[in-house]
Each structure stands twice: as structure tokens, then as C-alpha cells.
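# Breakdown of the fold
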Amino acid sequence: MWISSAPLRISLAGGGTDLPSYAHRFGGTVLGSAIDLRVTVVGHTGSAYRGIRACLDDCAHTDIPDTQANPFAREVLRAHWDGLPLRLASFGDVPGGSGLGSSSAFCVALVAGLSQQPLTAESLARAAGDIETRSLGRPVGRQDHYLAAYGGVRQLHFDRSGGVEVEGVAVDPETLRKLDDELLLFFTGTVRDAGEVLAAQHERVMGGDRDAERRLHEIKELTTAARKALTDGDTVALGAVLGRHWELKRGLSAGVSLPLVDRAYGDALASGAVGGKLLGAGGGGFLLVHAPAYAVGDVRAAVTAHGFTERTFRMSAKGPDVTHL
């Protein structure tokens, strides 16, 4: 038996510039961090069952990976299953489709668990990324796979040829403690398919839409300001970056925001928040808000009054973890 887990993530700046439609033309940059919320996969081998018995979205017993209902599991199993009887179960700290990179963390955790020997972070990230972008053909980027595979605060550079350079970002422990207190995470109660939301951005960029390109160029430039804010310990400046990122991102597609999110975010700003944004592709999921220490209580009350549920978290240096029992 093995237990494998991988971290979820928050994207601080640059999200969307890792999509192939943009990165392959201009190069992309994303700054983000793994967090202490995780996806866990449990695998049991050598049981009396033949084939694969998986309890993921639903429970199913199949003889071959091709008939697995969960598309991510199906493609990972096609590429990495050794053919021995296998029982699988998965657990996540947040719902899928909520903007924290849960599908990517699931792929990283499952690949790591099925591997016969430990894989490097680069190998894990590439294998998991290939599942979504190549095997499933989803119009998504690879930031989530890399942040799940490496852990920590990272700046990721996506070159035009498809290569990825990973930089660790040194952040003072006191700054991290402040961010753990000042970054508030709220579940909007809605989930969505990131691929569907990102499709509109993909089409605009592929069509040479100048406004979409301009917005993504500035979103990429925000990674410089976000990194400086982190290394300087200026959490208020980081909050302002989040806010500007959200202003730019909302113009990429009509499906990025929702009226209930706009109302809650407006009340958060009126209560003292500096800035914030929906995580992931948008269209629902989790809202990340920065509030200075003196305004945390007021902002929390303002957002939860809209029926949003707060989910506490901490930024984390921990990447994937596999335990064999």
C-alpha cells in the first residue's frame, strides 16, 4: 500500500501567460506558491481484485484503464500502471474545479504513487503536465503541475519552445507569517471546468486579439512587482498586485467573474482589503483577498456575509510526499 499527496497552490501573478497560446508566442512567467492544502491518493496493490477498483468521483471496477470514468486517472493509468491488481481512492482538501490546481495535484500525486522509483520534481511536473495538455488536449498551462511538484514559492518561466525554468524565491519567514494572516481564502460555492473558462482566452490570443495580448503582457509584467513585494516584505504592495491582476484578467473573458463575486469583492475593498482575485481560470471557485492586519476582521465579515466560506491555509515549502506501508 502507498499514500501519495501533492500540494494545492495559489497563483500570485502571471496566471494565464503559461497557456501555450500565449507562451509559445511571447514566453510566459508565473509567480505562485504551494500551500498546505493537499490532494491525497491511496493505492493498494496485490489484492484479490483483478484490474483496477477506483473510488474517485464514483466507485468503479474495470479491467483496463481505458474504461475509467475519471479522465485524469484514466490517462495516468494508461501511461504508468504496471498491470497488477490495484485499488485506488482519492481525497482532497477542497472541491475539484475550484481554482487551486486540484486536478494537477491529483495527477502529480498519482504519478508519484504509481512510479516504481522516486521521480525528480521536474520529471513529475512534466509527466503530470503531459496528462492534461497532451493526452487530454486541455487548453491549460503547466504552472499548477510545477508548483505541485516543486512546492514552495516559485517563479516559473515558460519559453517559446515549451521549456520551463523554475526559480525558488527566497521570502523571509516573518513575511510568510504575515501573509498567512493577511491572505484570506473564500470558497464562492461554485465550481467550474478550467478548460472551458480558458477556451475564450485561448481563442482570443490565437486570433491575434490585441486587447487580450496587451492584458496578458501586463499580467506577465506584474510578476516583477509581486516578487519585489515578497522579497521586500511589503505585503500591502502584493495585495495591490493581486487587485491589478484581477482588473486585467476580468477583461479576458465574460466568464471570468460572476455578479456574486463582484459584489463580495466590492464589499471586501470597502471594508479595507487592498486587492484580490479569483484563483485559477476564474468563473467561480476560491476568492483570494489581501487585507492588512487591522482590516482582517472587517473584510472577513464582509465576504462571509455573501455566503462565502473561509478556508484557512498557509503557504508551504512541502512538495509531493509518498509513503509506502
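Quick summary incoming for the structure in this document. (Residues numbered from 1 in each chain as written. Predicted model: local features only at pLDDT ≥ 70, side-chain atom pairs only at ≥ 80, totals over all residues. Heavy atoms only, no water.)

The description of two aromatic rings rests on the distance between their centres and on the angle between their planes. Per the counting criterion, the structure on display carries three aromatic pairs. Where Tyr22 meets Phe26, the ring centres are 4.9 Å apart and the plane angle is 40°; that geometry is what we call tilted. Of this pair, Tyr22 and Phe26 are both found in helix α1 (residues 20–26), four residues apart, which corresponds to roughly one turn of the helix. You can call Phe26 partly exposed: its relative accessible area is 24%. Judged by centre distance (5.1 Å) and plane angle (40°), the rings of Phe187 and Phe286 are tilted. Of this pair, Phe187 sits in strand β8 (residues 183–187) while Phe286 sits in strand β10 (residues 286–290), placing them 99 residues apart in sequence. (Phe/Tyr/Trp six-rings, centres within 6.5 Å; stacked < 30°, edge-to-face > 60°. Helix = DSSP H or I, 4+ residues; strand = E, 2+ residues; numbered from the N terminus. Buried < 20%, exposed > 50% of the residue type's maximum accessible area, 1.4 Å probe, protein only.)

Applying the stated criterion across every chain, the model contains one disulfide. Between the sulfur of Cys55 and that of Cys59 lies a disulfide, 2.2 Å long from S to S. Looking down the S-S bond of the Cys55 and Cys59 bridge, the torsion is 115°, so its handedness is right-handed. Counting only cysteine sulfurs, Cys55 is the nearest neighbor of Cys107, a cysteine outside any disulfide, at a range of 18 Å. Judged by relative accessible area, which is 0%, Cys107 ranks as buried. (Disulfide = S-S within 2.5 Å.)

Along helix α11 (residues 296–304), the residues that are buried comprise Val296, Val299, Ala302 and Val303. Angular distribution of buried residues about the axis of α11 spans 135°; they occupy a single face of the element. (Arc of directions from axis to C-beta.)

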